[in-house]
Amino acid sequence: MTQLPNSTDRKMGLVIDLDTCVGCHACVISCKGWNTENYGVPLSDQDAYGANPSGTFLNRVHSYEVQPADGHAQLIHFPKSCLHCEDAPCVTVCPTGASYKRVEDGIVLVNESDCIGCGLCAWSCPYGARELDVAEGVMKKCTLCVDRIYNENLPEVDRIPSCVRTCPAGARHFGDLGDPDSDVSQLVAERGGMDLMPEIGTKPVNKYLPPRPKDTVEDQIDILAPLLAPIADEPKGFLGWLDKTLEKL
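Residues numbered from 1 in each chain as written. Predicted model: local features only at pLDDT ≥ 70, side-chain atom pairs only at ≥ 80, totals over all residues. Heavy atoms only, no water.

Per an unreviewed UniProt entry, the protein chain is named 4Fe-4S dicluster domain-containing protein, and its organism is Ruegeria atlantica.

Chemist: I'd like a description of the sheet that holds strand β1 (residues 12–17), backed by residues and values.
Modeler: Taken in spatial order, the three strands make up an open sheet running β10-β1-β11, and their pairing is mixed. The open sheet has two edge strands with one neighbour each: β10 (172–176) and β11 (207–209). If you compare each strand with its neighbour and ignore which way they point, the axes differ by 25° on average. Pairing of β1 with β11, which is carried by three bridges, proceeds in the parallel orientation. Looking at β11, one finds that valine 15 is bridged to lysine 207. (Pairing = 2+ DSSP bridges. Helix = DSSP H or I, 4+ residues; strand = E, 2+ residues; numbered from the N terminus. Axes fitted to C-alpha atoms, helices over the stretch in contact; angles between N-to-C directions.)

Chemist: Report on a negative patch on the surface, specifying residues and quantitative values.
Modeler: On the surface, Asp233, Glu234, Asp243 and Glu247 cluster together to form a negatively charged patch. Turning to its location among the elements, aspartate 243 is positioned in helix α8 (residues 237–248). (Patch = residues over 30% accessible without salt bridge, like charges linked within 9 Å, V, L, I, M, F, W, Y side chains within 5 Å. Areas by Shrake-Rupley, 256 points an atom, 1.4 Å probe, with all protein chains shown as cover. Salt bridge = Lys/Arg side-chain N within 4 Å of Asp/Glu carboxyl O. Lys, Arg positive; Asp, Glu negative; His and termini not counted. Charge placed at Lys NZ, Arg CZ, Asp CG, Glu CD.)

Chemist: Lay out the packing of aromatic side chains in plain terms, naming residues and giving numbers.
Modeler: By the definition in use, this model includes two aromatic pairs. In this arrangement the basic side chain of lysine 32 is found over the ring face of phenylalanine 57, its NZ or CZ atom lying 4.1 Å from the centre. Note that arginine 148 overlies the ring of tryptophan 34, its terminal NZ or CZ placed 4.7 Å from the centroid. (Phe/Tyr/Trp six-rings, centres within 6.5 Å; stacked < 30°, edge-to-face > 60°. Lys NZ or Arg CZ within 6 Å of the ring centre and 35° of its normal.)

Chemist: Describe in detail the state of the cysteines, supporting the description with residues and values.
Modeler: What the rule picks out here adds up to zero disulfides. Looking at cysteine 94, it has no disulfide partner, and the nearest cysteine sulfur is the one in cysteine 118, 6.3 Å off. On the basis of relative accessibility, which here comes to 8%, the residue cysteine 94 falls in the buried class. No disulfide involves cysteine 125; its nearest neighbouring cysteine sulfur is the one of cysteine 90, lying 6.2 Å away. (Disulfide = S-S within 2.5 Å. Buried < 20%, exposed > 50% of the residue type's maximum accessible area, 1.4 Å probe, protein only.)

Chemist: A description of α8 should follow, citing residues and the corresponding values.
Modeler: The end-to-end C-alpha separation of α8 is 17 Å, in line with the 16 Å expected for 12 residues at 1.5 Å each. In terms of burial, α8 is largely open, as just one of its 12 residues are buried. (Expected span 1.5 Å × (residues − 1).)

This is the structure:
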């Protein structure tokens, strides 16, 4: 079994704004592309263009309709990937030591050469953030693009996870959540960022920013109302004749 470090030098992670995410899945596609071409074995697909396609993804977006106590229902898009927990059960349950948490930045990774594909880490993860690559028989998970964020061959603007770089809505943020003065930590403090399922005690590093309450204005003007209003109470002309004729049938 692998032991977790007592502490890490930094806590690199994501902050995801549920108010801003539009559910476009650009992060999903970008993640799939980068991690298929670079770190580890490619992310495989099975029967991609067939009747029952499946595949391995490190990041997925789920959409839920939420009904607040007051106001109208809202559609919330919920991206989900590895949360790089401080007390990561996927690490301590691994029988080969393939899963581990780095001391220098707190990123949880899988040494694929040591992974036997037993699935214990996926079973122990309460967030369902790990997936078994069927083609390779190894566990795959978000790496925070560890091969990208430290790559000095890339322009500095690109040294962030692929999903963050790609997000057109600016809903994904990356940084050191262990530094209270970092941009991500200040964003969490300002917006009331929250842990996912804190009652489990895994202490996820990634944070979610809750949706802002929607404005409610009495007697709102519906700009589409004139277009949707009936043109006439009773049909006239040919339509009027046709309506009366059909009534007699």
